[in-house]
Structures are given as structure tokens and as C-alpha cells.
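Structural description and commentary
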Amino acid sequence: MQSPLVITGMGMVSPLGCGVKAGWERLLAGRSGLSTITRFDTGDLPIKVAGSVPDIADDPEAGLDPDRVVDAKERRKMELFSLYAMAAAEEALTQANWFPTSDADRLATATIVGSGIGGFPTITQAQNTLMTRGHRRLSPFTVPAFLANLAAGNVSIRHGFRGPLGCPVTACAAGIQAIGDGMRLIRSGEAEVALVGGAEACIDPLSLASFHAMKALSTEQDDPARASRPFDQARNGFVMGEGAGLLVIESLAHAEARGATPLAVLSGYGTSADAHHITAGPEDGAGAAAAVRAALKMAGLTPEAIDHINAHATSTPVGDRAEIAGLRNVFGDALAGIPISATKASTGHLLGAAGGVESIFSTLAAMHDRLPPTRNLENADEDLHDLDFVAGTAREHPTRHVLCNGFGFGGVNAALILSKP
């Protein structure tokens, strides 16, 4: 019998702050990480709100201090998504106490960090430089900054991890798929430890304008904290967020042999394709249901064993409805008895980083028997009134198994089940 796969370290950078402890406490307290965009002049762009990672000047308690992550010279060579990944990796590896020095351990450590868009702002800035100042003014670090796999690459280089390196670029399922890829690498014997999750930083005029052209983003301006409203009748689109969520995973046997503490078990993982539409899932949620069923099968669990669901729930009517349809497909009448949270109401949608961050929230729910609240859920869709949404405030709830979902454009679906050790 194979040894279970466990999480031994977690690291997070999110709009709720830097560090797992700060992010979790603020989430449980019902705080919002959404604010008016100040990073650039939004001009006549109707999108004014985003989930930006706070800096140390604005948030002395949990803001990001880039100087503590990478020195100024090295920062000029990388995009924000890589910086976020570096910060999250340091926290996760410190908790796991995994800083291998032998060639064997370094070769046995995989680095899989997904991203939906990678260094998109570098691309838009480089295009502007090319058009206004000419090709000679382009930085030689333009390409290394924007390549999506450079979050994983920079982390691997920093820590000397010489095992498999990868980067699922599967839109908003990338973070969970990176975790699944790491699980497979350990199961196949290609790695003994894997640093996995997602990183994203694409709060940029062109990305916002492009998503707005699809009518996907919330146009809320007056009250940023209320802009993301999953499952609520008043929702009108998602809010762009940024950050990174990374996990150190390994077999229980490997963790015990080196004295590491298992935080949670990676019980099941499943992924599937809708094969339906480039941006919208089928109304019956069949693709999402297939991913959840695959995760349940790997975990050896019945649907009734799930105690909590952290929904993908971006706050778009089409996406929210399709996800619930998929869950009803899998859980049937039992869905009414499973508490559901949608943490994007507090963080915004971190695209490729969402799965990493939300997997950490799901792990913490199982560890502490506490379910995070869904902000702004005041009037759920009429056909959802039978469901148990964790709205308003956090809830104490015995929690053994948590389902965490991630779905992306192109019809990609991923589901992860996290359990108490």
C-alpha cells in the first residue's frame, strides 16, 4: 500500500496580506483585500477595483517587503508573479523545514508553479517601449521576466531544486493542476518532495480592458469591498486579484522519516475537459462534475463524506451556475447539507494562483474545523436557496474532508480533496 501524500509546509501572498497566518485570520474576520487601483492611472477604463497585494508601507503588519525577498538588482530581472512565488516559497519551505543540501535530495525535489498569464505586464510595457523608444531600449530581461515558467524557475534556482520543473498554464485551474502534477511525480517515483501551487500578477490596463471586453469583470467603483459577490443576485463579474499560494508536499513516510509534521492529507485529485466552449462551461456542469468524481474516486470517498466545499465561484453568473449544476450532478440531495464557502469574495480572483491560495484555505478549514465566510452574499439566486452557504461570518464545523475546485477558460476543470491527517 502506498504511503499517503501530505502537506508539510504552506506559503501565501494574497490581497489579504503576506503570510498564511495573516491571510487566514483576516479571511475568518471577514476582511476584504479589494481596493481601488493605485498602481497605475486607470483613466477612462471602467475597471477601478482589484485585489492588489498590499506593500509594507500601507500594511506594516502583513504587507509585502520586496527587500526581504529578493535584492533590488535581482528584482529588475523578474516580474511580480515571480516575486510573489519567491515569498510564498520561503514561507512554505521554512514551515516544512526543507532546505536540502545533498545532491540526492535536491534531485528529488520538484518545483511545479502554475500561472494563467505569467508576466503579462512586462509584455505590455515592452510593447510600449518598442513603439515609443525603439528596439534598442528593450531590456535583455524582458523574456525571462514574462515567461510563465519563470516563477518555478526562479524558485528552483534560489533553492537549488534540481528535480522536475513545470508550470501548468491552464488559466484558473493552473494552481490546482500544479498540485496534481506534483502528486503524480511523487507517486511515479520521479520526486520525493514537491513545491507546488500557483502565482499570478496581471493587474494591468490591457488585461483588465481585455477581460472587461468579455463582460467578465465587475464594474463596481464606489465600494471596492462589495465588488465581488459570488452566488449573490447582485453580482456582475469577478474582481482581478494577484498573489501566490505554494505547498510543500511529500509522502507521509518521507515526512515521518525526517521528522516533519503533516498538516493535511492530499486525499484525491481529478481533472477533466469540458470540450464545450472556449470561455463558458456547459450549463449542466458535466465537465466539473467529472473532475470532482475523479477526485472522490482517488480518495476512495463517497460524496457524502465531504464536509465542506471551497467553491471556485468567481462571481460571474454563468460560472457560478455551472459550478453549482456540476456539484448537484455529483452530490444530489446531499449537497444541501454541505457548507459552501466562496473565498474570492475576500481576495478577488487570482487566476492561476487561485487554486494554490484556496487549497491553503481549504487545508486550514480542515485543520481548525473553521469555515471561512463568503462576503457580500446577501441574496443568493432563487434556485440556490436550498444550499448551505457560509455567509456573513465564519463558522465552527467538524471538518474531515474538504473539496476545493478550480475551473478555467478552455474548458479545463480541476478538483482537490484535502483531509485531516
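Residues numbered from 1 in each chain as written. Predicted model: local features only at pLDDT ≥ 70, side-chain atom pairs only at ≥ 80, totals over all residues. Heavy atoms only, no water.

Considering the overall build of the protein chain
Looking only at helices and strands, the protein chain features 14 helices and 15 strands. For the protein chain, the C-alpha radius of gyration of 20 Å lies close to 22 Å, the compact-globule estimate for 421 residues. Residue burial in the protein chain is summarised as follows: out of 421 residues, 60% are buried. Counting contacts in the protein chain only where the partners sit at least 6 residues apart, residues at least 24 apart contribute 79% of the total. Carbon and sulfur atoms form 52% of the exposed surface of the protein chain, whose accessible area is close to 16400 Å². Here the protein chain contributes 33 positively and 45 negatively charged side chains, and the mean placements of these two sets differ by 5 Å. (Helix = DSSP H or I, 4+ residues; strand = E, 2+ residues; numbered from the N terminus. Rg over C-alpha atoms; globule rule 2.2 N^0.38 Å. Buried < 20%, exposed > 50% of the residue type's maximum accessible area, 1.4 Å probe, protein only. Contact = heavy atoms within 4.5 Å. Areas by Shrake-Rupley, 256 points an atom, 1.4 Å probe, with all protein chains shown as cover. Lys, Arg positive; Asp, Glu negative; His and termini not counted. Charge placed at Lys NZ, Arg CZ, Asp CG, Glu CD.)

Points about the packing of aromatic side chains
This structure, assessed with the given rule, holds 4 aromatic pairs. Taking the centre distance of 6.3 Å and the plane angle of 35° together, the rings of Phe 211 and Phe 409 count as tilted. A residue pair is termed long-range when its members are at least 10 positions apart, and Phe 211 in helix H9 (residues 205-213) and Phe 409 in the loop between strand S14 (401-408) and strand S15 (412-419) qualify at 198 residues. Phe 211 gets classed as buried once you look at its relative accessible area, which sits at 13%. Residue Phe 409 is classed as partly exposed on the basis of its relative accessible area of 35%. By the ring-pair criterion, three or more aromatic residues cluster together here, those being Phe 211, Phe 238 and Phe 409. (Phe/Tyr/Trp six-rings, centres within 6.5 Å; stacked < 30°, edge-to-face > 60°.)

What about the environment of Pro 230?
Among the secondary structure elements, Pro 230 is positioned in the loop between H9 and strand S8 (243-251). For Pro 230, a relative accessible area of 0% puts it in the buried group. In this structure the C-alpha to C-alpha distance between Pro 230 and Pro 317, which are 87 residues apart in sequence, comes to 8.4 Å. Residues contacting Pro 230, with those up to four places away along its chain left out, are Arg 235, Ala 313, Ser 315, Asp 320, Ala 342, Ala 345, Thr 374 and Leu 377.

A word on the packing of helix H1 (residues 20-28) against helix H14 (residues 354-368)
Relative to each other, H1 and H14 sit at 75°, their axes nearing to 11 Å. Comparing their axes, H14 and H1 come out roughly perpendicular. Across from Val 20, Gly 23, Trp 24 and Leu 27 in H1, the residues of H14 making contact are Ile 360, Phe 361, Leu 364, Ala 365 and His 368. Residues that form the contact of H1 with H14 fall into these classes: 7 nonpolar, 2 polar and no charged. (Axes fitted to C-alpha atoms, helices over the stretch in contact; angles between N-to-C directions. Parallel < 35°, antiparallel > 145°, perpendicular 65-115°, else oblique. Nonpolar A, V, L, I, M, F, W, Y, C, P; charged D, E, K, R; others polar.)

Let's talk about the pattern of salt bridges
Evaluation of the coordinates by the stated rule reveals 20 salt bridges. A salt bridge links Asp 59 to Arg 26; its shortest N-O distance comes to 2.6 Å. A residue pair is termed long-range when its members are at least 10 positions apart, and Asp 59 in the loop between strand S4 (49-50) and helix H2 (72-75) and Arg 26 in helix H1 qualify at 33 residues. Asp 59 sits in the buried class, given a relative accessible area of 12%. (Salt bridge = Lys/Arg side-chain N within 4 Å of Asp/Glu carboxyl O.)

What about helix H11 (residues 286-299)?
The end-to-end C-alpha separation of H11 is 20 Å, in line with the 20 Å expected for 14 residues at 1.5 Å each. For H11, the set of buried residues is Gly 287, Ala 288, Ala 289, Ala 291, Val 292, Ala 295 and Leu 296. Summarising the contacts, the buried residues of H11 are in contact with strand S9 (264-273), helix H12 (317-331), S14 and S15. Directly after H11, the chain includes Gly 300, whose backbone phi takes a positive value near 70°. (Expected span 1.5 Å × (residues − 1).)

Brief notes about the environment of Ser 35
Summarising the element assignment, Ser 35 is placed in strand S3 (residues 35-36). In sequence terms Ser 35 and Ala 50 are 15 residues apart; their C-alpha atoms lie 5.8 Å from each other. When residues no more than four places from it in sequence are discounted, the contact partners of Ser 35 are Lys 48, Val 49, Ala 50 and Pro 224.

Describing the pairing of strand S5 (residues 109-114)
Counting buried positions over the 6 residues of S5 gives 6, a clear majority of the element. Residues Thr 109, Thr 111 and Val 113 point to one face of S5 and Ala 110, Ile 112 and Gly 114 to the other, with burial holding for every one of them. Examined bridge by bridge, S5 and strand S7 (residues 193-200) share 6 bridges and lie parallel to one another. Residue Val 113 lies in a different strand from S7, and its bridge partner there is Gly 197. Relative to strand S6 (residues 165-166), S5 runs parallel, the two sharing 2 bridges. Residue pairing in the sheet places Thr 111 in a bridge with Leu 165 of S6. (Pairing = 2+ DSSP bridges.)

A look at the nonpolar core
By size, the foremost hydrophobic cluster in this structure holds 42 residues, and its most contacted members are Ile 7, Met 10, Met 183, Leu 247, Ile 249, Leu 266 and Leu 416. Counting residues in each nonpolar core, the second largest holds 31 residues, with Cys 18, Val 53, Met 86 and Leu 195 among its members. (Core = buried A, V, L, I, M, F, W, Y, C linked by side-chain atoms within 4.5 Å.)

Structural measurements only, silent on function.
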